[in-house]
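Structural description and commentary
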Amino acid sequence: MSEQPIVHTERVDDVPLLLVHMQRLGLPTILDTHFPAHGNHRGLSLGWMVLVWLAHMLSRADHRLNRVRPWADQLQTTLNAVLPTALRPTDLTDDRLADVLHALSDDDAWAACEGALNQHILRVYDLNPSTVRVDSTTASGYWEVTEDGLFQFGHSKDHRPDLPQVQVMLATLDPLGMPVAVDVVPGQRSDDPLYLPIIDRVRASLGRTGLLYVGDSKLGPLDTRAQIHHAGDAYLCPVGKLQLPATAVEALITQALASGALRRISRPDADGQPVLDTHGQPVIHAEAWETSVDLTATVDGEAVTWTERRIVVRSPALQARQQHALERRLADAEADLSDLLVARRGKVRPTTPDEAETAIAAILERHAVGGLLDVTLTATAHTRTMRAYRGQPAREETTSTLEVTSTRVDAAITAAVARLGWRVYATNRPVADLDTTQVVLAYRDQYLVEHPMGRLKGAPLSLSPVYLSRDDHVIGLVRLLTIAVRVLSLLEYGIRRNLAEAPQEEPLQGLYAGQPNRTTRRPTAERVLEAFRNLTLTVVALPNQVIRHLTPLTTLQQRLLALAGLEDTCYLRLVAHSSEPP
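So, here is what we can say about the structure in this document. (Residues numbered from 1 in each chain as written. Predicted model: local features only at pLDDT ≥ 70, side-chain atom pairs only at ≥ 80, totals over all residues. Heavy atoms only, no water.)

Topic: the overall build of the protein
- When its secondary structure is counted, the protein shows 19 helices and 16 strands.
- Here the C-alpha atoms of the protein give a radius of gyration of 32 Å, more than 25% beyond the 25 Å that 2.2 N^0.38 yields for 582 residues.
- Taken along its principal axes, the extent of the C-alpha atoms in the protein is 130 × 65 × 55 Å.
- Every one of the 582 residues in the protein was classed for burial, and the buried ones make up 46%. (Helix = DSSP H or I, 4+ residues; strand = E, 2+ residues; numbered from the N terminus. Rg over C-alpha atoms; globule rule 2.2 N^0.38 Å. Buried < 20%, exposed > 50% of the residue type's maximum accessible area, 1.4 Å probe, protein only.)

Below, the structure is given as structure tokens:
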């Protein structure tokens with residue numbers, strides 16, 4: 001009686017693509033160089049363990065340690081086609097992966113590794129960096145707070161102030177949105193002091209100065225701007241109330257309105273085409289006017305003087321939102337004024353003109369509409385005769401009736417609306433290198449740092465929630481996840497760049513579920529990986545041979561591989577030898 005064949009199937013999906021793509025980034029070699037294995041170590045090196053772990057994270061959207069080994073056990077053929085040595089049962093255990101996180105938490109080794117990885121990516125992708133964006137986020141969890149620990153209560157950007165958190169500072173490179181540096185600090189730390197350290201690390205990691213650093217208003221303290229300028233770099237950020245008082249902002253807005261020379265700025269769409277309104281005219285996304293000031297600050301005991309450009313920008317969209325809020329405040333104030341003198345059980349209402357004046361002033365202040373409503377308080381006196389009663393003589397008693405009316409001061413409201421929607425940007429980059437329009441558009445591209453933040457905290461990496469409790473393991477995990485963000489960013493960038501450089505190429509079609517005819521020239525990495533779902537390798541072990549069959553690649557999958565700069569052999573090699581000894 002003949003032996004029954006043994007049939008084994010593997011859901012290879014996007015795993016071969018990810019493995020080859022990460023090899024091209026030099027991940028195993030760079031990681032092994034900076035995190036060498038102990039002399040007694042056996043099995044996969046740290047670099048190759050990271051490669052497999054990242055493939056699991058990105059393919060299955062799960063960073064938990066205990067999920068890696070069962071997944072790898074089901075992909076032995078696929079993984080062994082890439083790994084330098086056959087996968088062993090002990091290679092991806094929880095303990096081994098925890099050791100990886102502990103190694104990545106070493107600050108000095110990580111800084112050197114991060115720099116080497118950045119330099120390798122710049123060479124492979126022929127990048128000439130000019131703009132770096134810096135921002136921070138938090139990750140909360142059910143951790144135990146210790147006095148000097150990483151997990152602390154602080155201002156939560158997850159809107160969970162009841163949970164301890166860690167703070168993550170991220171610097172990303174334009175236009176990829178690719179992380180080039182990350183800092184993990186205790187969750188109670190303020191953002192302001194975190195900018196200069198990570199900028200110093202970016203400067204050392206990329207090995208160059210003259211970069212433009214873009215951040216929010218926390219990049220704006222004078223000392224921070226002075227040190228960036230002194231180091232030979234440039235900055236771009238909104239100026240907050242602490243750096244520029246409201247009176248100074250009001251003066252700049254007055255100058256901008258009086259100039260009559262606001263520059264109208266239109267923002268192109270994702271494909272670089274102008275956005276048109278219903279009349280076929282470009283949509284105005286901002287109006288801007290600029291001036292300059294000379295600043296002086298002390299850096300390391302040395303006086304530093306430079307010229308700062310201040311761009312006063314009005315956003316019609318922001319102005320519309322603020323105008324709507326103003327209209328709501330006016331309506332609420334009018335309602336409160338109308339209700340002020342209405343008698344109601346349990347309600348305390350003013351009975352004298354002085355009390356009414358005080359209450360009116362409080363309403364106008366509470367709704368911030370002082371000068372926008374003309375409020376009139378009328379007191380009408382009434383006299384009546386009180387008849388004699390039980391020995392009391394008849395007398396005259398005078399009472400007053402209060403009435404409150406309000407009208408809107410249209411001229412003041414119009415002037416207030418004209419001052420809505422404004423922000424002041426500051427930069428030391430000369431006009432010749434970055435004109436007014438480019439300043440506005442550069443800051444409005446701040447989503448380029450928010451996008452990798454979203455990847456870090458959401459699918460497929462899902463930093464929150466964190467299932468680890470040790471400080472070093474959390475630091476290592478965050479650093480590992482930033483490598484994963486690099487992998488996604490570079491896959492996405494390579495495909496988009498190749499599509500943009502070949503306008504004769506048809507846009508990609510078939511990436512959107514339920515919309516088979518929808519096309520795009522700017523696919524996300526997540527949709528690209530989704531396009532490789534349901535690829536299955538079937539291995540049939542017969543008595544004298546092993547037969548392998550892989551789901552044929554579709555035209556879209558073949559094209560995506562080509563646009564990513566990868567050969568389809570990363571899949572075809574899984575079945576290159578269809579017949580071999582069992």
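Considerations on the sheet that holds strand 9 (residues 302–314)
- In space, the nine strands of this open sheet follow the order 4-3-2-5-6-12-9-8-7, with mixed pairing throughout. For this open sheet the edge positions go to strand 4 (178–186) and strand 7 (263–265), each flanked by a neighbour on one side alone. In this sheet, adjacent strand axes meet at a mean angle of 30 degrees when their direction is disregarded.
- As paired elements, strand 9 and strand 12 (residues 422–427) share six bridges and run antiparallel to each other. Bridge pairing in strand 12 places Arg-310 opposite Ala-426. (Pairing = 2+ DSSP bridges. Axes fitted to C-alpha atoms, helices over the stretch in contact; angles between N-to-C directions.)

Side note on the packing of helix 11 (residues 316–339) against helix 13 (residues 410–418)
- In the contact formed by helix 11 and helix 13, the axes pass within 10 Å of each other and the chain directions differ by 145 degrees. For helix 11 against helix 13, the interelement crossing comes out right-handed. Residue-level inspection shows Gln-319, Gln-323, Leu-326 and Leu-330 of helix 11 in contact with helix 13, the latter providing Ile-413, Ala-416, Val-417 and Ala-418.
- Here the residues of the contact of helix 11 with helix 13 sort into six nonpolar, two polar and no charged. (Left-handed = near helix turned anticlockwise from the far one by under 90°. Contact = heavy atoms within 4.5 Å. Nonpolar A, V, L, I, M, F, W, Y, C, P; charged D, E, K, R; others polar.)

Brief notes about the packing of aromatic side chains
- This model, assessed by the stated rule, comprises four aromatic pairs.
- Seen from their ring centres, Tyr-125 and Tyr-493 are 6.4 Å apart, and the 55 degrees between their planes marks the pair as tilted. On the criterion of sequence distance, the pair formed by Tyr-125 in the loop between helix 7 (107–124) and strand 2 (131–140) and Tyr-493 in helix 16 (residues 471–500) is long-range, its members being 368 residues apart. Judged on exposure class, the residue Tyr-125 and its partner Tyr-493 are both buried.
- Ring plane angle 20 degrees and centroid distance 4.1 Å describe the contact between Trp-143 and Phe-151, whose orientation is recorded as stacked. Residue Trp-143 shares its accessibility class with Phe-151, and that shared class is buried.
- Taking NZ or CZ as reference, Arg-518 lies 3.9 Å from the ring centre of Tyr-512, over its face. (Phe/Tyr/Trp six-rings, centres within 6.5 Å; stacked < 30°, edge-to-face > 60°. Lys NZ or Arg CZ within 6 Å of the ring centre and 35° of its normal.)

Points about the pairing of strand 16 (residues 546–550)
- Two strands pair when backbone bridges link them, and strand 15 (residues 536–541) and strand 16 are joined in this way by five bridges, in the antiparallel orientation. Within strand 16, the position partnered with Thr-538 by the bridge is His-549.
- Adjacent in sequence and paired antiparallel, strand 15 and strand 16 are bridged by four residues.

Some details on the pattern of salt bridges
- Scanning the model with the defined rule gives 36 salt bridges in all.
- Residues joined by salt bridges that share partners form a network here, namely Glu-114, Asp-183, Arg-201 and Arg-486. (Salt bridge = Lys/Arg side-chain N within 4 Å of Asp/Glu carboxyl O.)

Some details on the sheet that holds strand 1 (residues 6–11)
- Sheet architecture is open: three strands sit in the order 1-15-16, paired in antiparallel fashion. Since the sheet does not close on itself, it has two edges, and those belong to strand 1 and strand 16, each with one partner. Averaged over all pairs of adjacent strands, the angle between strand axes in this sheet comes to 15 degrees, irrespective of strand direction.
- As paired elements, strand 1 and strand 15 share six bridges and run antiparallel to each other. The residue bridging His-8 from the neighbouring strand is Val-539, located in strand 15.

Structural notes on unusual backbone geometry
- Here the residue pair Asp-174 and Pro-175 is connected by a cis peptide bond, since its omega of -10 degrees sits within 30 degrees of zero.
- The phi angle at Ala-368 is positive, at roughly 55 degrees, despite the residue not being glycine.
- Along the chain, Ala-368 turns up in the loop between helix 12 (353–366) and strand 10 (373–386).

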